[in-house]
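What follows is the residue order along each chain.
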Number of protein chains: 2
Amino acid sequence: MEANGPNASKVLDGPTNPMVTPLLTDLYQFTMAYAYWKAGKHNEQAVFDLYFRKNPFGGEYTVFAGLEECIRLIANFRFTEDEIAFVRQSLPSSCEDGFYDYLRGINCSDVEVYAASEGSVVFPKVPLMRVEGPVAVVQLLETPFLNLINYASLVATNAARHRFVAGKSKLLLEFGLRRAQGPDGGVGASKYCYLGGFDATSNVAAGKLFGIPLRGTHSHAFVSSFMSPDEIVDKSLRSKDGSTTCEDFVNLAQTWLNKIKWSTSLHGLFGETNQSELAAFISYALAFPNDFLALVDTYDVMRSGIPNFCAVALGLNDLGYKAGGIRLDSGDLAYLSLESRKFFLAIEKEFEVSGFGKMSITASNDLNEETLDALNKQGHEVDAFGIGTNVVTCYSQAALGCVFKLVEINNQPRIKLSEDVSKVSIPCKKRCFRLFGKEGYGLVDIMTGENEPPPKVGERILCRHPFSESKRAYVVPQRVEELLKCYWPGNSGLKRGDLPPLKEIRQRCINQLEQMRSDHMRRLNPTPYKVSVSAKLYDFIHFLWLNEAPVGELE
Amino acid sequence: MEANGPNASKVLDGPTNPMVTPLLTDLYQFTMAYAYWKAGKHNEQAVFDLYFRKNPFGGEYTVFAGLEECIRLIANFRFTEDEIAFVRQSLPSSCEDGFYDYLRGINCSDVEVYAASEGSVVFPKVPLMRVEGPVAVVQLLETPFLNLINYASLVATNAARHRFVAGKSKLLLEFGLRRAQGPDGGVGASKYCYLGGFDATSNVAAGKLFGIPLRGTHSHAFVSSFMSPDEIVDKSLRSKDGSTTCEDFVNLAQTWLNKIKWSTSLHGLFGETNQSELAAFISYALAFPNDFLALVDTYDVMRSGIPNFCAVALGLNDLGYKAGGIRLDSGDLAYLSLESRKFFLAIEKEFEVSGFGKMSITASNDLNEETLDALNKQGHEVDAFGIGTNVVTCYSQAALGCVFKLVEINNQPRIKLSEDVSKVSIPCKKRCFRLFGKEGYGLVDIMTGENEPPPKVGERILCRHPFSESKRAYVVPQRVEELLKCYWPGNSGLKRGDLPPLKEIRQRCINQLEQMRSDHMRRLNPTPYKVSVSAKLYDFIHFLWLNEAPVGELE
C-alpha cells in the first residue's frame, strides 16, 4: 500500500487534492486582506477559533477530522505568479501594486495552529482549532480550513454513528463514490468513513491514496451480460492444491445444482434457475476461485440466486476452494438474509460441507442508521453492510456548520454578538480541557482564559455554562487533558504535533468513542455532554457583552 | 478570464480535478474486467444507458450537467504504470499477467458516447447518456461517469430551482465553498450553480478555472477587528475625478453621521452607533472607494450598521464615488430590507442625493427555496441573494440517483427486472426524441428502438407509458428534436459534438427552462412531464420481461 504518511519526511506534502491552493477561498478574504493592508493593519496579531454550534444528526457528539489536510495546506501556502495575476484581475484596478508584492511574500511561517487531535471526539462551542497570526493571512485561511474540516468531520461522525448502530462485529463497507458530491466528495468520504470506523471502501483511488482496504464483487450488469453457460469457452479449473484439474467446471456446477434441487431438505424450494446468472457466477468463479463472491438478486434471490451460488460454491469446494459469500442488494434484507442462512445451513448439513453455513452475507441498498436499526430489531443474518449514498452525502444532514470567529486582535478580546444567544462567540485566546471522572469517562469540557492556571486533578473546579447564569457545577477531575495541541508552531519554538497515519487516527477515534458514556451515544434522545467556561472567563464574557451591546431606548 | 474552454485545441484537457483518473472507480469494475477478460468476453460490444428514476427536490425536471468532465476523462483515459501496479496489488495474486497487459493497452478509442446536451432539461427514465463499446472498458467508466454526472446535475437543478423562486431580476450569488462537501464539492458547486442560472460566486478558484464572475464584501471579523476610527492612520481620500483630496475622510464620515442623526426624517432612529463598525466601514471605503459594500449586521442593523454605512456612503458621494450597497446576514431579512430601503430613500430625499434610495441590498444567511418563497410572500427590498449551504450541499436532497444499466450486449437486448416496477430498466439500444407542440413547449419525450423510423413532424405518433398498459396518447408533433447527440465518436466516423464554453451552456439551460410549460416548473405539486416509449418498443419490453421473469408455482 502506498499510504504516503506526511511524516515520511519533515517537509509536508501539499493537500491530497491539488485543487486545494491559496485561491480556494472566498473573494472577500482578498478584499479584506487588501483593506487590512491599505490600513496598515495586515500584520496585527489575530486569534481565530474554529468551532461548530450544534452536533450533527441529532446526536450529542462529533468526530473531528480534516486537520492533516489543513496543515498540509499551510505548510505549502505560497501564491504563484499566475495566482497573483488572477487576484489582481479580480480586484478593482485601483488597488495598489504594493499589495501584490505583499501577497507574493506571504507564507504561514508566522501562523500558529493549535487543534484537537484528528479523530478525537469533540463538542459544540469548544474550539477545534485556534489559529493565530497576522490577521490578513489568517483570514485567507478561513474558507479552506472550514471547507477541509466541515465535511471531513461530518462524514467521520456519520460513519461513527453507522458503526454504533451496526455493532462492532459487523464489517462496514463504504460504496458511495458514484453518488458522492463530486470526485473528492467521493475520495474524502472514503477517507473519513474509514477514519470514523468503516472497514473498507470500493473506491480504488482512495485505496491507493490512503491505504484503505478495498472491497468489491460484481454488478447486476455483469450478471445480465451473460446468456447461458454454453457461451463459456474455457471450462477447466485447477484444484487449489494444483493436484488435479476439473476439465468441465460448468458441468460440475450444473451437477451440484441438480443435487441441491433434488436434495431432501431443499427439494421444492426452486425450479429452473436463471441460466445467464448461472453462467455469470461460473465465469466469476473461474476468474476468482479463491474469492468467489456473488450478487444474488438480479433475478430472484431464493429461487435463482442462492441455488446458483451454492451450486458454484460446492463445485469450488470439491476443488479445495472456499467461496467468499453473497451480496443482497434489494428486497427485504432481514428476511432474505435469514432465508439464505437457512439454505446455507441446510447445504452444510445435507452435503457435509463444514463451515458452509457460515458463508458471509453482505447487504447493500440504501442503508442508513434507521434501516440498520430496523434490521437489528427484526433480526437478520447479515455479516457485512455496504453503505453508499447515506454515509457519503450525509443525506440526513448534508452540512456541518463550523464557523471561524475572531476572538482576539492585538491582545484585545473580541466578541461577536447576535440576537440569537447560541450565535454569540466566546471571546479571548483560550485554553480548553477535558475533565475526566472516576470511571474514566469525560465529565465536562472547560474553556479558560489563556493565562488562568489550568484545572488540576483532585481540585474542585467551578464549571459554568457560557451563557446561562444558573447552570453551573463543581467538578473534581480524576484526570485532565488539554484538548488543543500545537500542530503548526509558526515562530513559537514549540514542536509540531505528529500527524499520524490514517490507521492510527482511526484507532484513536474508535478508542475515544468507546470511552464515551453510553447515554451520550444513543441514537434517540442522547444526553448532551457538558461544555463550560471557567468562572473567570464567564465573568469576562458578560462584561464584554454589556460593553459591546448597543444601548437602546425603550419607547 | 482564464476559462480554458476545451475547444482551444482538438486535444481535450483532462478533467478539472486531477484526482479524476481511471482509478477513480469501484474495485468491482476491475474484478469484473478481469472476469470478462478471463472469459474472453471483454471486447463484447455493450450498450449502457445512464439515467435517473425520479426528479430531485420534489420537482418535475432536472438539468443535465457534468458531460464535459466525462468527455475529458475518456479523452485522456489511460492507465499509468503506477496505477496498473496498484490494481495488481489490489486484485488476488492469482490473476494472470496478461490482464495487466490488456489494461496497459486500454483507451477509449472504441467507445462511443451519445448524450443530451449539457445544460438541457431532462426527465426520468430517458437516457442522459448512451455509452457503447467493449464491455470491460465501458464498465470501468460507470463509476466516474455517475460520480461526475450525479452531483453536477443535482446542483445545477438546485440552482435552477432557486432561480425560479427568486425571479429573473434578482442577482443570485453562490457563497457555499466553506460548507461544501470537500474542496471540489465547492468548486463543482460554483461551476454548476452558475450553469443552473446563478450570476456569480465567492469562490476564487472557481472564478479562475471557469471564468465565473466573482463577488465578495467583508466578514463580521473584519468589522470586529477594528476598535475605533482613531486607529485609522491614513485618513486622506482623493476624489474620484482626481481634482481634490479630502484630508480627513474619517471626519467627513463622522460629520455625515451627525447630520443624519439630527436630520428631520431620521432623527430619533438611532443614538450612538458602534465605533469599531464605523472604523471598519471607513477603512473599507478608503480601500475600495469605487466598490464600497458593507456588512451591516455585526452589532445592530438599524441602530448602527445602516447609519454608519450611510455616513460613509455620503462621504464617498461628496468625493464623486457611488457606494455599492449593503449586506444583511441575520435577523428578519424582509423587515430589515424594507426598513433599510426606507432609510436610503429618506437620505435621498433629505440630502438630495439622487439614486441613493436604489442602493443595492444583498441578503444572506441560510437561504433556500422555502425562505426565498417566504420573503417573496412577505414583501422585501432585497436585490441580491447570497446562498451557500443549501444550494451547494443540496441540503434538501443531497444525492441524485443516476444509474448505469446494461441495455444490450452483442446485439442482444438486456433488461434488469425488479420487484419494484420503477426499477425495471428499459432494454435495447434506443433513440430518444422530444416532441414539441404548437405553443413551442415540449409535450412528451419518446424512446424508440434504434432502427425504428424516427417520429416526424405532423405525423400521429402513439406514445406509451413504458410500464403501464393503460397510459398512452397520440401526439402530432410540430417539432421533433433528437435528444442524444454524439459527444465521443469512437470509431463511428461521426463528428464529435461541440463542448461549448460554460457561459453558452448556462444560456442553453436558461433558454430551455424558459421554454418549459409553467405547470411543470412550479414549486409545489408540479405536473409531471410525460415520458414514453414507442408502441414497438413497448411490446418488445414486455415480451422480454415475460421471458426473463422466473416462473414460480403458486402453492
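Residues numbered from 1 in each chain as written. Chains lettered and ligands numbered in written order. Predicted model: local features only at pLDDT ≥ 70, side-chain atom pairs only at ≥ 80, totals over all residues. Heavy atoms only, no water.

**Quick look at the packing of aromatic side chains**
For any pair of aromatic rings, the description consists of the separation of the ring centres together with the inter-plane angle of the planes. Residues and elements named next belong to chain A. Across all of its chains, the model carries 44 aromatic pairs over all chains by this definition. Ring centres of Phe48 and Phe404 lie 4.9 Å apart, and the angle between their planes is 15°; on these two criteria the pair is classed as stacked. Of this pair, Phe48 sits in strand S1 (residues 45-51) while Phe404 sits in strand S14 (residues 403-409); the two residues are 356 residues apart in sequence, bridging distant segments of the chain. The class of Phe48 is buried, set by a relative accessible area of 0%. Relative accessible area serves as the criterion here: at 3%, Phe404 is assigned to the buried category. Considering the side-chain rings of Phe467 and Trp545, the 5.8 Å spacing of their centres and the 90° angle between planes classify their relative orientation as edge-to-face. A residue pair is termed long-range when its members are at least 10 positions apart, and Phe467 in the loop between strand S18 (461-464) and strand S19 (472-475) and Trp545 in helix H17 (residues 535-548) qualify at 78 residues. By relative accessible area, Phe467 is classed as buried at 14%. (Phe/Tyr/Trp six-rings, centres within 6.5 Å; stacked < 30°, edge-to-face > 60°. Helix = DSSP H or I, 4+ residues; strand = E, 2+ residues; numbered from the N terminus. Buried < 20%, exposed > 50% of the residue type's maximum accessible area, 1.4 Å probe, protein only.)

**Some thoughts on the UniProt feature "domain: Nicotinate phosphoribosyltransferase C-terminal" (unreviewed entry) in chain A**
Taking the UniProt record as the reference, the feature "domain: Nicotinate phosphoribosyltransferase C-terminal" (unreviewed entry) is found at residues 429-540 of chain A. Helix and strand shares over residues 429-540 of chain A are 21% and 32% respectively, and the end C-alpha atoms of the span are 12 Å apart. (UniProt positions renumbered as here; feature names shortened; annotations may be inferred.)

**Regarding the pairing of S18 of chain A**
Side-chain positions along a regular strand alternate between the two faces of the sheet. All names here are of chain A. Where S18 and S19 come together, four bridges link them in antiparallel fashion. Each residue of the ladder has a partner; that of Ile461, found in S19, is Val475. In this sheet, strand S22 (residues 530-534) lies alongside S18 in antiparallel orientation, the contact comprising two bridges. Directly across from Cys463, in S22, lies its bridge partner Ser534. (Pairing = 2+ DSSP bridges.)

**Regarding the UniProt feature "domain: Nicotinate phosphoribosyltransferase N-terminal" (unreviewed entry) in chain A**
Taking the numbering used here, the UniProt-annotated feature "domain: Nicotinate phosphoribosyltransferase N-terminal" (unreviewed entry) corresponds to residues 23-150 of chain A. Measuring from the first to the last C-alpha atom of residues 23-150 of chain A gives 18 Å, for a span that is 44% helix and 16% strand.

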